[in-house]
Amino acid sequence: MTDDNMDLRSLLEKTADTDFLREMIGFSAQRLMELEVENLTGAPHGARLPGERLTQRNGYRERDWETRCGTVELRIPKLRKGSYFPSFLEPRRMSEKALTAVIQEAYIQGVSTRSVDDLVQAMGMSGISKSQVSRLCAEIDDKVKTFLTRPLEGEWPYLWLDATYVKVRQAGRIVSVAVIIAVAVNKDGRREILGMDIGPSEAEPFWTEFLRKLARRGLRGVKLVISDAHEGLKAAIEKVLHATWQRCRVHFMRNLLAHAGRQGRGVASAFVATAFAQEDWASARTQWRKVAAQLRPKLPKLAAFMDEAEHDVLAYMTFPAAHRAKLHSTNTLERLNGEVKRRTDVVGIFPNEAAIERLVGAILLEQNDEWAVQRARYMTLETIAPLSHTPMVGLPSLAS
């Protein structure tokens, strides 16, 4: 302990103010590692305690630790039996690694924005090299590619599709590209992210090819597809999946109320909501038409809009009542897209499309893993079983 106090006093006396905090972090980290290894070996460093020692040390390995105060050089102790990893160096989550990789890639290529430059300095990522970035990117890209190209087994009764937009640099220009994402529920009632793709726009050929990729990987048994009313997407769904289409109710209401004017929005919204409150499709359709007839004299455009959208907006009412709250909109994907936008906004402008796939793919992989370990199913087995072509096997009842 006396030696430790002398080392700390010497550090305080010799270190310049600008480097003081970084040196303190390094000193504290080294002492913490020594204490942790001491617990693993059963004896202090250099002590001769044959009866108490559990294993021997085996030198050190060097590692740079990037902190907000700059790069800290660590000497991590090695053991002859077993392994040791410092508790304060928990492996970063994959999405955080991907974000770091994208920021570094943009930085070293000289295509980053001022916000990225500031973030690099705030994160203390000094001395970035292309080889370091390449290694980090390769590690993430392999896992993301495996996830996005995995076989899709079983049936997937419900499928949600949506897109968000990010900026990327292409041929010296900054352009906006679409990032499309697919989420589905399988016959076990579990929710999974099926895939993503990047394209110049949400045109029909792009959506068609994306859905065909999913089909080639094994997507089948789709009964209902929920999405926004994009003509290209609607045509692709009809061409590839031959499934019922549900127009997102939230997006529909926004478009509908644009025809009501400021003063009429509250009344129109309340009237249309009475159709959604019905218990079955027949009752909802009857109420829908009744509301349209009531609004037609004063709001003819709104009534015509309701006539046109009736079948697509009420499609979810033909499915089990227990599922309808999750089927009438793309809210499941909207929340996921919100997280994607929050992370991608940190980057601002991506250096290339590979960087987009790396970061967004890592975010989707993490979210999929979180859904996989949730105890509660997104939909219960009892309510989703009737939608499957494969009969549910029940356990025999116990004899009394």
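Every value quoted in this text rests on a predicted model; they were computed, and no experiment measured them.

Rules and cut-offs
- Residues numbered from 1 in each chain as written.
- Predicted model: local features only at pLDDT ≥ 70, side-chain atom pairs only at ≥ 80, totals over all residues.
- Heavy atoms only, no water.
- Buried < 20%, exposed > 50% of the residue type's maximum accessible area, 1.4 Å probe, protein only.
- Helix = DSSP H or I, 4+ residues; strand = E, 2+ residues; numbered from the N terminus.
- Pairing = 2+ DSSP bridges.
- Right-handed = clockwise from strand over helix to strand, strands pointing away.
- Contact = heavy atoms within 4.5 Å.
- Expected span 1.5 Å × (residues − 1).
- Bend = angle between axes of the 7 residues up to and from the residue.
- Phe/Tyr/Trp six-rings, centres within 6.5 Å; stacked < 30°, edge-to-face > 60°.
- Lys NZ or Arg CZ within 6 Å of the ring centre and 35° of its normal.
- Axes fitted to C-alpha atoms, helices over the stretch in contact; angles between N-to-C directions.
- Parallel < 35°, antiparallel > 145°, perpendicular 65-115°, else oblique.
- Left-handed = near helix turned anticlockwise from the far one by under 90°.
- Nonpolar A, V, L, I, M, F, W, Y, C, P; charged D, E, K, R; others polar.
- Salt bridge = Lys/Arg side-chain N within 4 Å of Asp/Glu carboxyl O.

Visitor: Honestly, the pairing of strand β6 (residues 224–227) in this entry has me stumped. Any pointers?
Guide: On a regular strand, one side chain projects to one face of the sheet and the next to the other, so that they alternate. By the alternation rule, side chains of β6 split into Leu224 and Ile226 and Val225 and Ser227, which are all buried. Here strand β3 (residues 158–170) pairs with β6 via three bridges, running parallel. Bridge assignment links tryptophan 160 to a residue of β6, and that residue is isoleucine 226. By the bridge criterion, four bridges tie β6 to strand β7 (residues 244–247) in an arrangement that is parallel. Its bridge partner being in β7, serine 227 is matched across the sheet by arginine 247. A crossover links β6 with its parallel partner β7, the connecting element being helix α7 (residues 231–240), and its sense is right-handed.

Visitor: Help me out: how do you make sense of the side chain of threonine 208 in this one?
Guide: Within the secondary structure, threonine 208 sits in helix α6 (residues 204–217). Excluding anything up to four places from it in sequence, threonine 208 contacts Ala236, Lys239 and Val240.

Visitor: Teacher, can you tell me more about helix α11 (residues 300–313) here?
Guide: In an α-helix, one turn spans 3.6 residues, which is why side chains three or four residues apart end up on the same side. End to end, α11 covers 19 Å across 14 residues, agreeing with the expected 20 Å (1.5 Å per residue, within 8%). At aspartate 307, α11 is deflected by roughly 35°, the largest bend along its length. Taken together, the buried positions of α11 are occupied by Leu302, Ala303, Phe305, Met306, Ala309, Glu310, Asp312 and Val313. Residues of α11 that are buried in the fold lie against α7, β7, α8 (249–257), α9 (261–276) and α10 (281–295).

Visitor: Explain unusual backbone geometry here, please?
Guide: Negative phi characterises most residues that are not glycine, and trans characterises most peptide bonds. Phi is positive for alanine 171, close to 50°, though the residue is something other than glycine. Tracing the chain through its elements places alanine 171 in the loop between β3 and β4 (173–185). Using a relative accessible area of 85% as the deciding quantity, one classes alanine 171 as exposed. Non-glycine residue histidine 242 carries a positive phi angle of around 55°.

Visitor: For this particular structure, what's the right way to read the packing of aromatic side chains?
Guide: Aromatic ring pairs: the centre-centre distance and the angle between the two ring planes describe each pair. Under the criterion given, the structure shown has seven aromatic pairs. Seen from their ring centres, tyrosine 158 and tryptophan 160 are 6.5 Å apart, and the 65° between their planes marks the pair as edge-to-face. Accessibility assignment for this pair places tyrosine 158 and tryptophan 160 in one class, buried. Pairing phenylalanine 276 with tryptophan 288 gives two aromatic rings, centres 5.8 Å apart and planes at 55°, and the pair type is tilted. In this pair, phenylalanine 276 is assigned in helix α9 and tryptophan 288 in helix α10, connecting sequence segments 12 residues apart. Like phenylalanine 276, the residue tryptophan 288 is buried in the burial classification. Through pairs of rings, three or more aromatic residues link up here, namely Tyr158, Trp160, Phe319 and Tyr378. The ring of tyrosine 60 carries the charged tip of arginine 75 above its face, separated from the ring centre by 3.9 Å. Its guanidinium or amino end placed over the ring of phenylalanine 276, arginine 249 lies 4.1 Å from that ring's centre, counting from NZ or CZ.

Visitor: I keep staring at the environment of leucine 194 and nothing clicks. Help me out?
Guide: Counting through the fold element by element, leucine 194 comes out in strand β5 (residues 191–199). With a relative accessible area of 0%, leucine 194 lands in the buried category. Along the chain, leucine 194 and alanine 184 lie 10 residues apart, while their C-alpha atoms are 6.8 Å from each other. Among all residues touching leucine 194, those that are not within four sequence positions of it are Leu148, Arg150, Leu152, Trp156, Leu159, Ala182, Val183, Ala184, Leu214, Arg217 and Leu219.

Visitor: Before we go on, may I ask you to explain the packing of α10 against α11 in this structure?
Guide: Viewed as axis vectors pointing N to C, α10 and α11 meet at an angle of 170°, and their least axial separation amounts to 8 Å. Between α10 and α11, the angle is such that the two are roughly antiparallel. Like other packed secondary-structure pairs, α10 and α11 cross with a definite hand, here left-handed. Only Pro300, Leu302, Ala303, Met306, Asp307, Glu310 and Val313 of α11 make contact with α10, whose side of the interface consists of Arg285, Trp288, Arg289, Val291, Ala292 and Leu295. Looking at the contact of α10 with α11 residue by residue, the class counts come to nine nonpolar, no polar and four charged.

Visitor: Teacher, can you tell me more about the pattern of salt bridges here?
Guide: Charged atoms that come close allow side chains of opposite charge to pair. Counted according to the given criterion, the structure contains 13 salt bridges. Between arginine 343 and glutamate 339 there is a salt bridge, and its shortest N-O distance comes to 3.0 Å. Taken as a pair, arginine 343 and glutamate 339 lie in helix α13 (residues 331–347) at a separation of four residues, close to a single helical turn. Ionic contacts of the salt-bridge type, sharing partners, join the residues Glu339, Arg342 and Arg343 into one network.

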